[in-house]
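# Coordinates in review
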Amino acid sequence: MPVSSASPFSRLALFFLVVLGCSGTLQAQLRTASSSPSRPHDPLTTAGFDHFYNLEFDRAVDDFQRVLVKHPDDPFAINHVLTAVLFRELYRIGALNTGEYTNNSFINAPHHEADTAVKAQIKALVGRALAAEQTRLHNDPKDVDALYARGVTRAQFATYTALVEHAWFSALRNAVGARRDHEKVLELSPDYVDAKLVVGAHNYVLGTLPWGVKVAASLVGFSGNKQKGIAYLKEAAAGNGEASTDSKIVLILFLRREGRFEEALQIAGQLVDDFPRSSLLKLEEGNLLRAVGKPAEAAAIYRQIWDSGRAGHYPAQKYQTAAIALGDLLRNQKDYPGALAAYEMLNSLPEADPDLKQKASLQAGEIYDLLKQRDMAVRKYQEVITLNASNEQADSARRLMKTAYRE
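A quick note: this is a predicted structure, and the numbers were derived from the prediction, not measured.

For the rest of this paragraph, the subject is unusual backbone geometry. The phi dihedral of Asn-240 is positive, around 55°, even though this residue is not glycine. Structurally, Asn-240 is set in the loop between α10 (226–238) and α11 (244–257). Positioned with a positive phi, Lys-372 is a non-glycine residue whose angle comes to about 65°. You can see Lys-372 is positioned in the loop between α17 (354–370) and α18 (374–387).

What follows is the structure, given as structure tokens:
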């Protein structure tokens, strides 16, 4: 279903489900295998999460698959493989830009096509997990672990159908199903604080709906409250369970949407310490520093990411995003020479992500237009088209080749 046909309710509800899924790439605070809240309790499970949260997806998938061989009918083990495979692909296609989820821009954000074989693998894992969960629930409808696991499976499948298939209402049904499963968990076991992640996130998002849409949602059994949502998330974060760090990541994104940047920055700083090999976490820290009005500190973070990436600290990660962030920061400060130098950093790397190089060239072209250096601006717009002539960036470049950019 095309994005334009999605209602305001479905779009905001989809924000909830995407945040739940994408939080997995930014989690932290791992414990030792003996005290790990993750299930099945296996050293490989802990190792898998360590690789996963540091964006080392191939190694994470391998670890989780080895656990699944030992526990073939365990829905938690299946969900771990599902999550690692899904987010490896989302990262590859460019769907894990945290900046998109601070507003609703993720709905229209352009991404690459997902691999057909990976899509089939994800669907097979979802089916396998649901079958295992349903078997346990058939034997015991009050099996809270099975209910919780089914809610996780539904949330992950909702993320897949939204970001990969763009099947918005199918995604919404799964997201609502995830909430209902976890509400049932809390009804049966009020101390199962991990379930407050989904319920809290859903409460927050529905609490952001316009009044008229909120009333309509309540007529079909939905309700939400932003304050309750954040309170639930804080309880889940403090619970030290399997969803504790997920909840912290969701809190960062929601607090950022609320303009509570200092609170979000404090949580982000803790997570960066726990997962120093994740360029994505470090980048988020820089973005929050910029949001709280500390541009010098943010610029230092961006440069640190770039230097560490050049030194091999972030293998197979898109650390070059830091150059774009640095350029944007300096451009906002009217430091046009500094911004141009930051964007040009991408051209010094033959292996730099083509999409990022294209964005940098477009931004540089706009700056050259502002500086009344039209020849250089046109040259940069031509670079954009040469890199990829059939996307939105190229369309923008073609327009700007006809009419100079003006703020």
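As a further point, take the pattern of salt bridges. A side chain of one charge can pair with a side chain of the opposite charge when the charged atoms of the two come close. Going through the model one piece at a time under the given rule, you end up with 26 salt bridges. Glu-165 is paired through a salt bridge with Lys-123; the nearest N and O atoms lie 3.4 Å apart. Note that Glu-165 is positioned in the loop between α6 (144–163) and α7 (168–188) and Lys-123 in helix α5 (residues 116–139), a separation of 42 residues in sequence. Overall, the relative accessible area of 29% leaves Glu-165 in the partly exposed class.

When the terminal C-alpha atoms of α5 are compared, their 35 Å separation across 24 residues agrees well with the 34 Å that a helix rising 1.5 Å per residue should span. Along α5, the residues that are buried comprise Val-118, Ile-122, Leu-125, Val-126, Ala-129, Ala-132, Glu-133 and Leu-137. Those residues of α5 that are buried are in contact with α4 (75–92) and α6. Between a side-chain oxygen at the N-terminus of α5 and the backbone nitrogen of Ala-117 the separation is 3.0 Å; the capping residue is Asp-115.

Below, the discussion takes up the packing of aromatic side chains. Going through the model one piece at a time under the given rule, you end up with twelve aromatic pairs. Between Phe-76 and Tyr-148 the ring centres are 6.2 Å apart and the planes differ by 20°, which places this aromatic pair in the stacked class. Taken together, the residues span a long stretch of sequence, with Phe-76 in helix α4 and Tyr-148 in helix α6 at a distance of 72 residues. As far as burial versus exposure is concerned, Phe-76 and Tyr-148 are alike and both buried. On the numbers, 5.3 Å between centres and 35° between planes, the contact of Tyr-148 with Tyr-192 is tilted.

Taken as a whole, the second largest pocket encloses approximately 250 Å³ of empty space. Leu-55, Glu-56, Phe-57, Asp-58, Arg-59, Arg-88, Tyr-91, Arg-92, Pro-315, Ala-316 and Lys-318 are the residues that line the second largest pocket. Elements with a minimum of two residues in the lining of the second largest pocket: α3 (57–70) and α4. Of the residues that constitute the lining of the second largest pocket, the class distribution is five nonpolar, no polar and six charged.

Grouped together as the largest cluster of nonpolar side chains are 111 residues, with contacts concentrated most on Phe-52, Leu-90, Ile-122, Ile-252 and Tyr-302. With eleven residues, α4 is the largest single contributor of residues to this core. Membership of the second largest hydrophobic core comes to five residues, among which are Ala-158, Trp-168, Ala-171 and Ala-175.

Moving on, we get to the environment of Ala-131. Position of Ala-131 among the secondary structure elements: in helix α5. Separated by 19 residues in sequence, Ala-131 and Arg-150 place their C-alpha atoms 9.5 Å apart.

The rules behind each value
Residues numbered from 1 in each chain as written. Predicted model: local features only at pLDDT ≥ 70, side-chain atom pairs only at ≥ 80, totals over all residues. Heavy atoms only, no water. Helix = DSSP H or I, 4+ residues; strand = E, 2+ residues; numbered from the N terminus. Salt bridge = Lys/Arg side-chain N within 4 Å of Asp/Glu carboxyl O. Buried < 20%, exposed > 50% of the residue type's maximum accessible area, 1.4 Å probe, protein only. Expected span 1.5 Å × (residues − 1). Contact = heavy atoms within 4.5 Å. Polar contact = N/O pair within 3.5 Å; in protein donor to acceptor, adjacent residues only side chain to side chain. Phe/Tyr/Trp six-rings, centres within 6.5 Å; stacked < 30°, edge-to-face > 60°. 1 Å grid on protein atoms, 1.4 Å probe; cavity = no way out; pocket = protein on both sides within 12 Å on 5 of 7 lines; lining within 4 Å. Points joined across faces, edges and corners; volume = space filled by probe spheres on them. Nonpolar A, V, L, I, M, F, W, Y, C, P; charged D, E, K, R; others polar. Core = buried A, V, L, I, M, F, W, Y, C linked by side-chain atoms within 4.5 Å.

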